[in-house]
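Secondary and tertiary structure notes
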Amino acid sequence: MIRWQDLHHSELTVAELYAALKLRCEVFVVEQTCPYLDVDGEDLTGENRHILGWKGDQLVAYARILKSDDDLSPVVIGRVIVSAQVRGEKLGYQLMERAVNSCVQHWPQRALYLGAQAHLQSFYAHFGFQPVTDVYDEDGIAHIGMAREIRQA
């Protein structure tokens, strides 16, 4: 059973933030052998949110939501991650569902954007994201920009 949290950055405890940064480093830096500065100054600013999925006391799923102060900019979902120990359990779908729902709940009039690893394009298409850029290199990994327009009720 996964315990989910959808937290404004000001609601994160030190332990929750540490767990998120640790998981991001384990996968994005170590597993994907991609040395880059993950701590980019965006985690604790503005209206940014964090989606956390816990299995017991282990953080196993995470996504970060960045909301710009510019009213014309889309809300950005990033750092979407599922721990290697639970891959194959479809947690990525639950995580993205929760991230998209959080965006729609908090900013219903904003489009959504993400920079997807190119091989995951069909996964993100499941949530209504469509390619809006050509494939590009980011830190040695092929990515593609994808957007989801505002859904009318």
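Per chain, the residues get numbers from 1 upward, laid out in the order the sequence is written. Local features in this predicted model are restricted to residues whose pLDDT is 70 or higher, and side-chain atom pairs enter the listing and the counts only when it is 80 or higher, whereas totals over whole chains, interfaces and linings include all residues. Side-chain descriptors were evaluated using all non-hydrogen atoms of the structure, hydrogens and water having been removed beforehand.

**Here we look at unusual backbone geometry**
Non-glycine residue Thr 33 carries a positive phi angle of around 40°. Although it is not a glycine, Asp 139 adopts a positive phi angle of roughly 55°. The way it works is that DSSP assigns letters per residue, a run of H or I at least four long becomes a helix, a run of E at least two long becomes a strand, and they are numbered from the N terminus. By secondary structure assignment, the location of Asp 139 is in the loop between β6 (130–138) and β7 (141–148).

**Describing the nonpolar core**
Grouped together as the largest cluster of nonpolar side chains are 27 residues, with contacts concentrated most on Ile 77, Met 96, Tyr 124 and Phe 129. Secondary-structure elements contributing two or more residues to this core are β3 (58–66), β4 (75–82), α2 (91–106), β5 (112–117), α3 (121–125) and β7. Not counting chain neighbours up to four residues away, the residues in contact with Ile 77 comprise Arg 64, Met 96, Ala 99, Val 100, Cys 103, Leu 112, Tyr 113, Leu 114 and Phe 129. What makes a nonpolar core is a set of buried Ala, Val, Leu, Ile, Met, Phe, Trp, Tyr and Cys residues whose side-chain atoms join them at distances within 4.5 Å. When accessible area is computed with a 1.4 Å probe and restricted to protein chains, residues below 20% of their type maximum are described as buried, those above 50% as exposed, and intermediate ones as partly exposed. Residues Leu 12, Ala 19, Leu 59 and Tyr 62 belong to the second largest nonpolar core, which totals 13 residues. By definition, residues are in contact when any of their heavy atoms lie within 4.5 Å.

**Regarding a negative patch on the surface**
A cluster of like negative charges, contributed by Glu 47, Asp 69, Asp 70 and Asp 71, occupies part of the molecular surface. With respect to the secondary-structure elements, Asp 71 resides in the loop between β3 and β4. Exposure remark for Asp 71: the relative accessible area of 59% places this residue in the exposed category. Residues form patches when they are more than 30% accessible in relative terms and have no salt bridge. Like charges link within 9 Å. Nonpolar side chains (Val, Leu, Ile, Met, Phe, Trp, Tyr) link within 5 Å. Here, Shrake-Rupley sampling with a 1.4 Å probe gives the accessible areas, and only protein chains in the shown set may cover a residue. Salt bridges are defined by distance alone: a side-chain nitrogen of Lys or Arg within 4 Å of a carboxyl oxygen of Asp or Glu. Counting rule applied: Lys, Arg positive; Asp, Glu negative; His and chain ends not counted. All charge positions are set by atom: Lys at NZ, Arg at CZ, Asp at CG, Glu at CD.

**Some words on the side chain of Gln 117**
On the secondary structure map, Gln 117 appears in strand β5. Overall, the relative accessible area of 14% leaves Gln 117 in the buried class. Beyond its immediate stretch of four places on either side in the chain, Gln 117 contacts Gln 32, Ile 141, Ala 142 and His 143.

**Things to note about the packing of aromatic side chains**
When we look at a pair of aromatic rings, we describe it by the centre distance and by the angle of the planes. When two rings of Phe, Tyr or Trp (its six-membered ring) have centres within 6.5 Å they constitute a pair, described as stacked for plane angles under 30 degrees, edge-to-face for angles over 60, and tilted for the intermediate range. Using the criterion set out here, one finds four aromatic pairs in the structure. Aromatic side chains Tyr 93 and Phe 123 sit 4.9 Å apart centroid to centroid with 75° between the ring planes, which places their arrangement in the edge-to-face category. Taken together, the positions of Tyr 93 in helix α2 and Phe 123 in helix α3 put the pair 30 residues apart, joining distant regions of the chain. Tyr 93 gets classed as partly exposed once you look at its relative accessible area, which sits at 31%. Relative to Tyr 124, the ring of Phe 123 lies with its centre 4.9 Å away and its plane at 75°, an arrangement referred to as edge-to-face. Of the two residues, Phe 123 and Tyr 124, both sit in the buried class. Members of the aromatic cluster, each reached through a chain of ring pairs, are Tyr 93, Phe 123, Tyr 124 and Phe 127.

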